[in-house]
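Below are the chains, spelled out letter by letter.
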Amino acid sequence: MLDRIFTNPLLLGVAQAAVAAVSALLLTLLARARQINLIKETVVALLRGCLQVVAVGSVVLLLLEQPKWTAIIVLVGMIGVGATIAARRSEDIPGAFWVALQGIGLGAGSFTVVMTLVGVIEWEMSSIVPVGSMLIANAMNTVALSFDRFDSEVKAHVGEIEAALSLGAEPKETVRRYVQAATEAGLIPRLNSLRSLGIVWIPGLMTGMILSGEDPVYAAIYQFVVIAMLFAASGLTTIVSILLIRSRIFSPAMQLLLRPREGEEE
């Protein structure tokens with residue numbers, strides 16, 4: 001119906017965005033009626049999301065006209081921002097930012113480079129930046145989930161960890177269970193994406209390729225390639241980050257540094 005009213009693509013996009021935003025606001029009003037106040041957060045999120053995605057679209061348009069090597073600068077900047085966001089999930093962990101930076105850089109960053117060199121990702125601005133950003137964003141989310149789980153697990157078992165340390169156990173052995181739990185927690189969303197691919201959801205990349213005229217079978221295969229890359233990059237990022245974090249929560253004297261804040265129960 002909207003496409004009949006608005007023939008200009010830009011105006012049509014604005015109208016579609018307005019309808020989507022109104023539906024989101026109606027949901028917050030329904031929640032408010034049930035004593036759940038999400039109006040302020042939703043309005044701020046909608047405004048930020050709209051402005052950010054329009055800004056990104058404008059930047060991408062400019063990037064497509066730039067030399068290919070500028071993609072490296074863009075992706076490095078994304079890694080830095082991603083590490084900052086991921087580290088906010090665990091402010092109590094010493095050096096969380098630097099660990100996240102190394103993890104995302106070694107995981108998503110190196111994986112993007114390797115996949116580009118072997119030809120899985122095309123060395124074109126229109127390909128390497130969008131796909132690389134997906135790898136980095138998913139690695140960021142995976143690290144954030146892993147950090148959060150590791151932080152909560154360690155704080156909940158401080159007594160057990162310190163008891164094991166007092167009996168002469170190696171620090172890495174005292175937190176081995178929590179390293180495994182944190183790694184699994186971070187990778188569960190990626191595993192679910194692989195399991196449900198094509199059955200529960202049809203990703204936007206595949207849909208976009210089909211609409212642009214690509215062969216549907218090739219579009220489906222390439223979508224699998226991207227999801228598999230997301231899992232591999234996120235997995236490598238998580239393993240690197242958690243192993244680095246493991247060594248940072250103990251002092252040189254093998255004392256546990258990560259403890260509940262005052263008022264938090266162990």
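In this report, the structure presented in the accompanying data block is examined. On a predicted model such as this, the values are computed, not experimentally measured, just so you know.

Its 22 residues place the ends of helix 5 (residues 96-117) 30 Å apart at the C-alpha level, agreeing with the 32 Å of an ideal helix rising 1.5 Å per residue. By the largest-angle criterion, Gly105 marks the main kink of helix 5, which is about 30°. All of the buried residues in helix 5 are Ala96, Val99, Ala100, Gly103, Ile104, Gly107, Ala108, Gly109, Phe111, Thr112, Met115 and Thr116. Looking at the packing, one finds that the buried side of helix 5 touches helix 4 (70-87), helix 6 (125-156) and helix 11 (216-248). Two residues or fewer past helix 5, Gly119 is found with a positive phi of approximately 95°.

Further remarks concern the nonpolar core. Within the largest apolar cluster, 48 residues are counted, with the highest numbers of intra-cluster contacts made by Ile104, Phe150, Val154, Val175 and Ile249. For this core, the secondary structure elements donating two or more residues are helix 4, helix 5, helix 6, helix 7 (158-166), helix 9 (176-196) and helix 11. At 13 residues, helix 6 tops the list of elements feeding residues into this core. Aside from chain neighbours lying at most four places away, what touches Ile249 is Phe150, Val154, Val175, Gln255, Leu256, Leu257 and Leu258.

When two helices pack together, their arrangement is given by the angle between the helix axes and the distance between those axes. Viewed as axis vectors pointing N to C, helix 6 and helix 9 meet at an angle of 145°, and their least axial separation amounts to 8 Å. The way helix 6 lies across helix 9 gives a crossing that is right-handed. Contacts between helix 6 and helix 9 pair Asn138, Thr142, Leu145, Ser146, Arg149, Phe150, Glu153 and Val154 from the former with Tyr178, Val179, Ala181, Ala182, Thr183, Ala185, Gly186, Leu187, Pro189 and Arg190 from the latter. Partitioned by chemical class, the residues of the contact of helix 6 with helix 9 number 10 nonpolar, five polar and three charged.

Here is what the cut-offs are and how they apply
Residues numbered from 1 in each chain as written. Predicted model: local features only at pLDDT ≥ 70, side-chain atom pairs only at ≥ 80, totals over all residues. Heavy atoms only, no water. Helix = DSSP H or I, 4+ residues; strand = E, 2+ residues; numbered from the N terminus. Expected span 1.5 Å × (residues − 1). Bend = angle between axes of the 7 residues up to and from the residue. Buried < 20%, exposed > 50% of the residue type's maximum accessible area, 1.4 Å probe, protein only. Contact = heavy atoms within 4.5 Å. Core = buried A, V, L, I, M, F, W, Y, C linked by side-chain atoms within 4.5 Å. Axes fitted to C-alpha atoms, helices over the stretch in contact; angles between N-to-C directions. Left-handed = near helix turned anticlockwise from the far one by under 90°. Nonpolar A, V, L, I, M, F, W, Y, C, P; charged D, E, K, R; others polar.

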